[in-house]
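Reading the structure
If you want the building blocks of each chain, they are given just below.
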Amino acid sequence: MKTFNRAERLAKLPPYLFKEIDRKKEEVMARGVDIIDLGVGDPDLPTPAHIIDALKRAVEDPTNHRYPSYSGMKLFRQTVAKWYGERFGVGLDPASEVVILIGSKEGIAHFPLAFINPGDTVLVPTPAYPVYHIATLFAGGQSFFMPLLETNGFLPDLDAIPGDVADRAKVMFINYPNNPTSAVADTTFFDRVVEFAKTHEVIICHDAAYTEMAFDGFRPPSFLEAKGAKDVGLEFHSLSKTYNMTGWRIGFAVGNQEAIQGLGAVKSNIDSGAFQAIQLAGIEAITGDQSCVEEMRQIYARRRDLMVQGLREIGLELIPPKATFYLWVRVPEGYTSASLATRLLEEAGLVVTPGNGFGEPGEGYIRIALTQNRQRLAEALERLKTMNL
Ligand SMILES: *Cc1c(COP(=O)(O)O)cnc(C)c1O
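What you are looking at is a predicted structure, and each value in this text was computed from that prediction instead of being measured. (Residues numbered from 1 in each chain as written. Predicted model: local features only at pLDDT ≥ 70, side-chain atom pairs only at ≥ 80, totals over all residues. Heavy atoms only, no water.)

Looking at the overall build of the protein
To keep things clear, this is the line we draw: In this text, helices come from DSSP runs of H or I with a minimum length of four residues, and strands from runs of E with a minimum of two, each type numbered from the N-terminal end. Atoms counted for the radius of gyration: C-alpha only. Globule rule: 2.2 Å times the number of residues to the power 0.38. We call two residues in contact whenever any of their non-hydrogen atoms come within 4.5 Å of each other. Here the accessible surface of atoms and residues is derived via Shrake-Rupley with a 1.4 Å probe, and residues count as covered only by protein chains that are part of the display. A positive count includes Lys and Arg, and a negative count includes Asp and Glu. His and the chain ends are not counted in either. Charged groups are reduced to one reference atom each: NZ for lysine, CZ for arginine, CG for aspartic acid, CD for glutamic acid.
Broken down by element type, the protein carries 14 helices and 13 strands. Taking 2.2 N^0.38 as the reference for a compact globule, 389 residues should give roughly 21 Å; the C-alpha atoms of the protein span a radius of gyration of 21 Å, in line with that estimate. In terms of overall dimensions, the protein has a C-alpha envelope of 60 × 60 × 55 Å along the principal axes. Taking as baseline every contact in the protein between residues at least 6 positions apart, the subset at least 24 positions apart corresponds to 75%. Surface summary for the protein: the accessible area is close to 17,400 Å², and the carbon and sulfur share equals 51%. One finds the centroid of the 40 positive side-chain charges in the protein at a distance of 4 Å from the centroid of its 48 negative side-chain charges.

See below:
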């Protein structure tokens with residue numbers, strides 16, 4: 001039989017570092033252990049009812065059953081532009097500076113196909129959401145990794161990027177509030193990124209998936225709030241985390257017109273837009289009652305407080321997050337990320353994500369997702385207390 005040799009782009013994929021922990025999880029589950037999964041960044045709460053109702057109404061309407069427009073319904077793009085104005089004070093032209101996405105992951109993954117030629121350099125943070133590097137590989141590009149270190153507030157040190165690399169680079173990915181470190185950035189940092197982009201002619205891709213998931217009154221800024229940002233980049237956004245809509249697959253990209261149009265040109269040759277009924281539900285999410293978002297923030301803030309206090313009581317160190325539903329916890333003496341994650345799973349039935357799985361500088365940390373209710377989190381803390389870490 002002819003062998004199905006995979007294309008080099010798949011052969012070049014980095015090793016999947018969560019394989020070992022996935023295998024152990026199966027093993028522990030098979031033993032009948034009551035597992036508490038703090039691994040996945042997927043909200044445990046349902047989509048708010050008024051959004052579901054909007055989908056139900058829209059799905060009954062045959063005009064929504066046909067191919068949608070590639071870039072998104074006009075009303076969806078107008079809604080996004082209006083929201084950017086109100087939330088961030090950023091003006092956007094709905095016709096040319098907004099494109100709908102089938103989840104922001106889709107847009108991030110396709111973006112390098114529009115601007116990266118084989119051999120081109122992309123500046124990619126590490127540890128990070130894996131899609132930035134993999135999308136770069138799929139486009140034939142090369143990642144230059146920017147380490148996110150605690151000593152630098154988990155921001156990339158732009159001055160540490162060698163001049164020739166900076167000049168060669170075509171695209172830079174950044175993400176604040178950040179997954180996995182939960183760090184936040186201010187507009188001063190974004191200003192420096194704009195300056196860097198202008199000096200070195202780099203397109204900035206800011207992943208803003210968590211701007212609405214922030215606590216204690218803190219409202220994370222958009223990259224596009226920085227002066228001149230729209231000259232150099234775009235921002236990826238998502239309804240997934242804000243409205244518990246990860247399964248619905250809806251997001252959008254906004255910003256520089258050429259960047260948006262380039263992404264749109266790739267997309268129009270791959271997908272045929274997002275289901276209109278889901279777009280109409282998305283419009284309801286953005287324009288409807290926002291008390292569900294405030295409730296979501298309060299739920300995660302309470303979970304955060306419970307866990308930060310509990311983890312500190314047993315001697316674990318972490319910076320309490322201002323945003324995101326992740327805790328980036330330092331691994332105690334005598335462990336690696338993997339050995340701690342393995343011990344937590346085998347002895348306490350707790351699934352956490354070893355930090356090195358997001359990139360080498362993540363070694364020495366584990367990521368805990370606050371995607372279980374308080375009762376389960378309290379149970380997780382009880383189990384941790386008996387472990388003598
Ligand atoms: C969850 C997440 C997203 C959102 O992905 P969608 O495809 O919109 O569901 C994007 N970026 C990061 C860093 C995330 O953690």
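Overview of the site of the ligand
Operational definition: A cutoff of 4 Å decides nearness: a residue is near a molecule or strand if any of its heavy atoms lies inside that distance of it. Pairs of N or O atoms are called polar contacts if they sit within 3.5 Å, as long as, within protein, a hydrogen donor faces a hydrogen acceptor (for residues adjacent in sequence, only side-chain-to-side-chain pairs). Three classes are used, and their members are as follows: Ala, Val, Leu, Ile, Met, Phe, Trp, Tyr, Cys and Pro are nonpolar, Asp, Glu, Lys and Arg are charged, and the others, Gly among them, are polar.
Near the ligand, the surroundings consist of 14 residues, among which D207, S238, S240, K241 and R249 are the closest. One of the side-chain N or O atoms of Y210 is found 2.7 Å from an oxygen atom in the ligand. S238 places a polar side-chain atom, nitrogen or oxygen, 2.6 Å from an oxygen atom of the ligand. The protein chains hide 94% of the 390 Å² of surface that the ligand would expose on its own. Split into classes, the residues belonging to the shell around the ligand amount to four nonpolar, six polar and four charged.

Side note on the side chain of H206
Its place among the elements puts H206 in strand β6 (residues 203-207). From its side chain, H206 meets the backbone nitrogen of Y176 in a polar contact 3.0 Å long. Contact partners of H206, with chain neighbours within four places excluded, come to I174, N175, Y176, F190, F223, L234, E235 and F236.

Things to note about the environment of V90
For clarity, the cut-off: Here's how the labels work: a residue is buried when its accessible area is under 20% of the maximum for its type, exposed when over 50%, partly exposed in between, all with a 1.4 Å probe on protein chains only.
With respect to the secondary-structure elements, V90 resides in the loop between α4 (74-88) and β2 (98-101). Given the relative accessible area of 5%, V90 is considered buried. Placed 133 residues apart in sequence, V90 and F223 show a C-alpha to C-alpha distance of 9.8 Å. Each residue touching V90, except ones within four places of it in the same chain, is listed here: A81, Y84, G85, L224 and E225.

Points about the sheet that holds strand β10 (residues 326-330)
Using the following cut-off: Pairing between strands requires that DSSP locate at least two bridges from one strand to the other. For helices, the axis comes from a line fit to the C-alpha atoms of the stretch in contact; other axes are also lines fit to C-alpha atoms, and the angle between any two N-to-C directions lies between 0 and 180 degrees.
Here we have four strands laid out as an open sheet, ordered β9-β10-β13-β12, and antiparallel in their pairing. Each edge of the open sheet carries a strand with a single partner, namely β9 (317-318) and β12 (353-354). In terms of strand pairing, β9 meets β10 through two bridges, oriented antiparallel. Note on β10: the bridge partner recorded for E317 is R330. Packing of helix α13 (residues 337-348) onto the sheet brings it into contact with β12 and β13 (365-369), and relative to β13 it is tilted by some 45°.

A closer look at the nonpolar core
Heads up, the condition is: Here, nonpolar core means buried Ala, Val, Leu, Ile, Met, Phe, Trp, Tyr and Cys residues that are tied together by side-chain atoms lying within 4.5 Å of each other.
Counting 98 residues, the largest nonpolar core has Y84, M172 and L311 as the members making the most contacts within it. Here this core takes eight residues from helix α12 (residues 291-313), the largest share from any one element. In contact with Y84, other than residues within four places in its own chain, are G89, V90, L92, S222, L224, E235, H237, F252 and V254. Core analysis: the second largest hydrophobic core is formed by 22 residues, L101, F111, V122 and Y132 among them.

Topic: a nonpolar patch on the surface
To keep it simple, the criterion reads: Patches here: salt-bridge-free residues with over 30% relative accessible area, like charges joined within 9 Å, nonpolar side chains (Val, Leu, Ile, Met, Phe, Trp, Tyr) joined within 5 Å. The salt bridge criterion pairs a side-chain nitrogen of Lys or Arg with a carboxyl oxygen of Asp or Glu, the two atoms within 4 Å.
Taken together, the side chains of L10, L13 and F138 present a nonpolar region at the surface, about 210 Å² in accessible area. Owing to a relative accessible area of 30%, L13 belongs among the partly exposed residues under this scheme.

Description of the pattern of salt bridges
For the coordinates displayed, the defined rule picks out 24 salt bridges. For R303, the salt bridge goes to D44, with nearest N and O atoms at 2.9 Å. Pair noted here: R303 is in helix α12 and D44 is in the loop between β1 (36-37) and α3 (49-59), with a separation of 259 residues, a long-range link. Note on R303: relative accessible area 3%, which makes it buried. Relative accessible area serves as the criterion here: at 34%, D44 is assigned to the partly exposed category.

Digging into the pairing of strand β4 (residues 142-147)
Applied cut-off: Handedness of a crossover is defined as follows: with both strands directed away from the viewer, a clockwise route from the first strand across the helix to the second makes it right-handed.
Inspection of the sheet shows strand β3 (residues 121-126) paired to β4 by six bridges, in the parallel sense. The residue bridging V122 from the neighbouring strand is S143, located in β4. One crossover worth recording links β3 to the parallel β4 by way of helix α6 (residues 131-138), and it is right-handed.

Focus: the sheet that holds strand β8 (residues 251-255)
Read from one edge to the other, the open sheet built from seven strands follows the order β2-β8-β7-β6-β5-β3-β4, with strand pairing classed as mixed. In this open sheet, the two strands that pair with only one neighbour each are β2 and β4. Ignoring which end each strand starts from, the neighbouring axes of this sheet average 20° apart. Where β2 meets β8, four bridges bridge the pair, whose relative direction is antiparallel. In the strand pairing of β8, I100 is matched with F252.

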